[in-house]
Amino acid sequence: MGVNSNRVEHFDHHETTTIKIQEEIPMPPLEIHTVRLPPHRTTLQKLRQRLSEIFFPDDPLHRFKNQTWFMKLLIGLQYFFPIFQWGPEYNLTLLRSDIISGLTIASLAIPQGISYAKLANLPPIVGLYSSFVPPMIYSLLGSSRHLGVGPVSIASLVMGSMLSEAVSYTRDPILYLQLAFTATFFAGLFQASLGIFRLGFLIDFLSKATLVGFMAGAAIIVSLQQLKGLLGIVHFTSKMQIVPVLISVFKQRDEWSWQTILLGFGFLVLLLTTRHISLKKPKLFWVSAAAPLTSVILSTLLVFLLKNKTHKIAVIGYLPKGLNPPSSNMLYFNGPNLAVAIKTGIVTGILSLTEGIAVGRTFAALKNYQVDGNKEMMAIGLMNMAGSCSSCYVTTGSFSRSAVNYNAGARTTVSNIIMAAAVLVTLLFLMPLFYYTPNVVLAAIIISAVIGLIDYQAAYKLWKVDKLDFVACLCSFFGVLFISVPLGLGIAVAISVFKILLHVSRPNTLVLGNIPGTQLFHNLNQYKEALRVPSFLVLAVESPIYFANSTYLQERILRWVREEEERIKVNNENSLKCIILDMTAVTAIDTSGLDTLCELRKMLEKRSLQLVLANPVGNVMEKLHMSKILDSFGLTGVYLTVGEAVADISSSWKAQP
């Protein structure tokens, strides 16, 4: 068996490699297998299977099979209310762990609730209301054992920025509250609808790359907004973009208060130091968890004791005691601002849902249990719908609270009930104690919390692994910084969709060669030992063939043929006779793709070239048969493997006189 001495210089990524040309086929005689059609199914069966794969990939009904009616009822109750699944096995050991973790996250939830409400331009008491009712509802409906529920910085920022464009809280607080509660209702309705109709895959359009950029940009915007509190500025811009904020900061230098700056940066350093300690030593998680409440207590005492000398430091002031008042009568369904409420609800709903499910799945993976995404959507959605009727705004699973909850040893969602109970005690008895709490400490708490959203290591990894993902990350980041938070999110989604379209419309095609001594064919650029088979051009298509890419694939395959003929001519090799399309990775094909294959075969036949298909999968094979295109390829036009195609066609050439 000889190898042609001719060698072709092939340039790829500015590196020179040598590709050998195989003169003879180094394969033993093969048994040629027939490519079979998949089992016959009716149109209704196909539709049911396709819809099942789209909307029920996890097959949630499998647990109901072969069960009695009583067991089906019990399983259904456990499915919709997971507390009935683990509740009967609950014991004092689990309760002790949940009490410790619940009280720990309460120490974080109380100052965060007050701070994030101010971030949404809402009264601080609304943040505490939102840390009481939603966690109670989630504990009944949620499937994550470690999710710490409450307000989050990103959703608070987006709600504040979007609603402030329509109405100012200082000018019309009643209308602002109505819009906030209405936006929360529509956020919950949107989230629950996604879960009920199994449409959770829609949020997958927010790719990890765009979310990294969006979160980082939003974290910077949030931090810059807190300069108002850190510097003691009274007249501050209502805009969210980085340029107007910085202009406002330096334009109001005469309002800067040295007492506020000293107090704010002192506690900011304390909070960042405790955060650093907990990151370096995870066992000391309680240090950063207790730091916000400790800062609130210390700063409140300090301002109270020095109230005659700290009059320039703004404080929270009076907060009403008592449970959540009903707000269903404040839902705003008629009026010129309804569109703003709906839009705000959908945007904040998407963001909070994405964060909540991502956090829940992260900690579930650490403890080796599963979180049902669609159930979580329903739980979070119903939680927000109920919250909108009890003076709460958008809530979800917070990463910081969940991390503290996990590290504190939470075992079930009872930790959320304990946290809500602690907030209840605060609402009933401790509200007057927050009168002298300085706003500057709340600003410091927000900054220390959102700094963790700037994941520069993830951005660096994107740069190393996928430059297009890094560009998407940057576009999302700068969109938030320089345009607006909602439009930044829109840019993130648009880039994600564009990336999908790019991959679909411009799929990858490869030239394959034979690994000597085997029946395997692999990418010539990836496997340097792979050899070209004389007179054959073996191409692989790594994508479904749809209307969006069929024209491109036809042009690209014809270009491969032209380049191969030019290479053969330069190296004086055997002329090209057959093109084999390896369709292993072609998982689907539509009518445009079928027409393309038919046209391509005719075009190649006019040039005395044979087109052969190798390993068409069941769905593709079925459509080839139904469209009658399979008949035009004939018995020698479709093979089970590339190796069998090469062996059979080569032997037929040798048999010809």
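Cut-offs and rules
Residues numbered from 1 in each chain as written. Predicted model: local features only at pLDDT ≥ 70, side-chain atom pairs only at ≥ 80, totals over all residues. Heavy atoms only, no water. Helix = DSSP H or I, 4+ residues; strand = E, 2+ residues; numbered from the N terminus. Buried < 20%, exposed > 50% of the residue type's maximum accessible area, 1.4 Å probe, protein only. Contact = heavy atoms within 4.5 Å. Core = buried A, V, L, I, M, F, W, Y, C linked by side-chain atoms within 4.5 Å. Expected span 1.5 Å × (residues − 1). Phe/Tyr/Trp six-rings, centres within 6.5 Å; stacked < 30°, edge-to-face > 60°. Salt bridge = Lys/Arg side-chain N within 4 Å of Asp/Glu carboxyl O. pLDDT = per-residue confidence, 0-100. Pairing = 2+ DSSP bridges. Axes fitted to C-alpha atoms, helices over the stretch in contact; angles between N-to-C directions. Parallel < 35°, antiparallel > 145°, perpendicular 65-115°, else oblique. Left-handed = near helix turned anticlockwise from the far one by under 90°. Nonpolar A, V, L, I, M, F, W, Y, C, P; charged D, E, K, R; others polar. Polar contact = N/O pair within 3.5 Å; in protein donor to acceptor, adjacent residues only side chain to side chain.

A tally of regular secondary structure across the chain gives 26 helices and 10 strands. In terms of its C-alpha atoms, the chain occupies a principal-axis envelope of roughly 110 × 65 × 50 Å. The 657 residues of the chain split such that 51% are buried. The contacts in the chain between residues at least 6 apart in sequence include a share of 78% that link residues at least 24 apart.

Core analysis: the largest hydrophobic core is formed by 102 residues, its most contacted members being Leu 122, Ile 125, Phe 214, Tyr 393 and Leu 427. Looking at this core element by element, the count peaks at 11 residues for helix H8 (residues 173-196). In this structure Leu 427 touches Ile 125, Leu 128, Tyr 129, Phe 132, Lys 321, Gly 322 and Asn 324, once residues within four positions along its chain are discounted. Of all hydrophobic cores here, the second largest spans 36 residues; its members include Leu 553, Leu 576, Leu 581 and Val 620.

Taking 1.5 Å as the rise per residue, helix H21 (residues 485-505) with 21 residues should run 30 Å; its terminal C-alpha atoms sit 30 Å apart, in good agreement. Of the residues making up H21, those classed as buried are Val 485, Pro 486, Gly 488, Leu 489, Ala 492, Ile 495, Ser 496, Lys 499 and Ser 505. Packed against the buried residues of H21 are helix H7 (153-164), helix H9 (208-225), helix H14 (338-366), helix H20 (467-482) and helix H22 (550-571).

Bringing the packing of aromatic side chains into the picture now. Scanning the model with the defined rule gives 15 aromatic pairs in all. Judged by centre distance (5.7 Å) and plane angle (80°), the ring pair of Tyr 169 and Tyr 176 falls under edge-to-face. For Tyr 176, a relative accessible area of 0% puts it in the buried group. Between Phe 363 and Tyr 406, the aromatic rings sit 5.3 Å apart at their centres with planes inclined by 40°, giving tilted as the arrangement.

Before going further, it helps to spend a moment on the side chain of Asp 469. Mapped onto the elements, Asp 469 comes out in helix H20. Discounting residues that sit within four places of it in the chain, Asp 469 has contacts with Ala 209, Leu 462 and Lys 499.

Bringing the pattern of salt bridges into the picture now. Note on pairing: side chains with opposite charge can pair once their charged atoms come close. Applying the stated criterion across every chain yields a total of eight salt bridges. Across the pair Glu 564 and Arg 532 runs a salt bridge whose closest N-O atoms are separated by 2.8 Å. One end of the pair, Glu 564, is in helix H22; the other, Arg 532, is in the loop between strand S6 (521-523) and strand S7 (536-541), with 32 residues separating them in the sequence. A single salt-bridge network, built from bridges that share partners, covers Arg 532, Glu 564, Arg 567 and Glu 573.

This next bit is on the environment of Pro 39. Along the polypeptide, Pro 39 turns up in the loop between strand S2 (15-19) and helix H1 (43-55). What makes Pro 39 exposed here is its relative accessible area of 65%.

Moving on, we come to the confidence of the model for the chain. On average, residues of the chain score 85 in pLDDT, and 91% of them reach the 70 mark or higher. Scored below 50 in pLDDT, residues 1-19 makes 32 contacts in the model with residues more than four places away or belonging to other chains.

This part is about unusual backbone geometry. Look at Asn 368: it is not a glycine, yet its phi comes out positive at around 60°. Here Asn 368 is to be found in the loop between H14 and helix H15 (373-388).

Attention now goes to the pairing of strand S8 (residues 578-582). Burial of S8 is extensive: five of the five residues sit out of reach of the surface. Side chains Cys 578, Ile 580 and Asp 582 of S8 all project onto a buried face; the interleaved residues Ile 579 and Leu 581 project onto the opposite face, where all are buried too. Judged from the five bridges that link them, S7 and S8 form a sheet pairing that is parallel. Looking across to S8, one finds that Ala 540 is bridged to Asp 582. When S8 meets strand S9 (residues 610-614), the two strands line up parallel, connected through five bridges. Directly across from Ile 580, in S9, lies its bridge partner Val 612.

Within the open sheet, the six strands sit side by side as S6-S5-S7-S8-S9-S10. Their pairing is mixed. Each edge of the open sheet carries a strand with a single partner, namely S6 and strand S10 (638-639). In this structure, S9 lies alongside S10, joined through two bridges in parallel fashion. Residue Leu 613 lies in a different strand from S10, and its bridge partner there is Val 638.

Before going further, it helps to examine the pairing of strand S5 (residues 509-514). Of all six residues in S5, six are buried; the element is thus mostly enclosed. What you see with S5 is no split at all: Thr 509, Val 511 and Gly 513 on one side and Leu 510, Leu 512 and Asn 514 on the other are buried throughout. Examined bridge by bridge, S5 and S7 share four bridges and lie antiparallel to one another. Its bridge partner being in S7, Thr 509 is matched across the sheet by Val 541. Strand direction decides the pairing type here: S5 and S6, joined by three bridges, are antiparallel. Bridge pairing in S6 places Asn 514 opposite Phe 521.

A word on the packing of helix H6 (residues 133-141) against helix H17 (residues 414-430). Two elements in contact, H6 and H17, have axes separated by 8 Å at closest approach and are oriented at 160°. It follows from the interaxial angle that H6 and H17 lie roughly antiparallel. In this structure, the crossing between H6 and H17 has a hand that is left-handed. Of the residues in H17, those touching H6 at Pro 135, Met 136, Tyr 138 and Ser 139 are Asn 416, Ile 417, Met 419 and Ala 420. A class-by-class count of the residues in the contact of H6 with H17 yields six nonpolar, two polar and no charged.

Moving on to the environment of Asn 405. With respect to the secondary-structure elements, Asn 405 resides in helix H16 (residues 399-407). With relative accessibility at 0%, the residue Asn 405 sits in the buried group. Separated by 301 residues in sequence, Asn 405 and Thr 104 place their C-alpha atoms 7.4 Å apart. Other than its neighbours up to four places away in sequence, Asn 405 contacts Ser 101, Ile 105, Arg 145, His 146, Leu 147, Gly 148, Ala 410 and Ser 415. Of the polar contacts made by the side chain of Asn 405, one reaches the backbone oxygen of His 146; its length is 3.1 Å.

Looking now at H7. Over its 12 residues, H7 extends 16 Å from the first C-alpha to the last, a length consistent with the 16 Å expected when each residue adds 1.5 Å. Among the 12 residues that make up H7, 11 are buried, leaving the element largely enclosed by the rest of the structure. Within H7 the residues assigned to the buried category are Ser 153, Ile 154, Ala 155, Ser 156, Leu 157, Val 158, Met 159, Gly 160, Ser 161, Met 162 and Leu 163. Against the buried residues of H7 lie helix H4 (92-119), H8, H9, H14, helix H18 (439-450) and H21.

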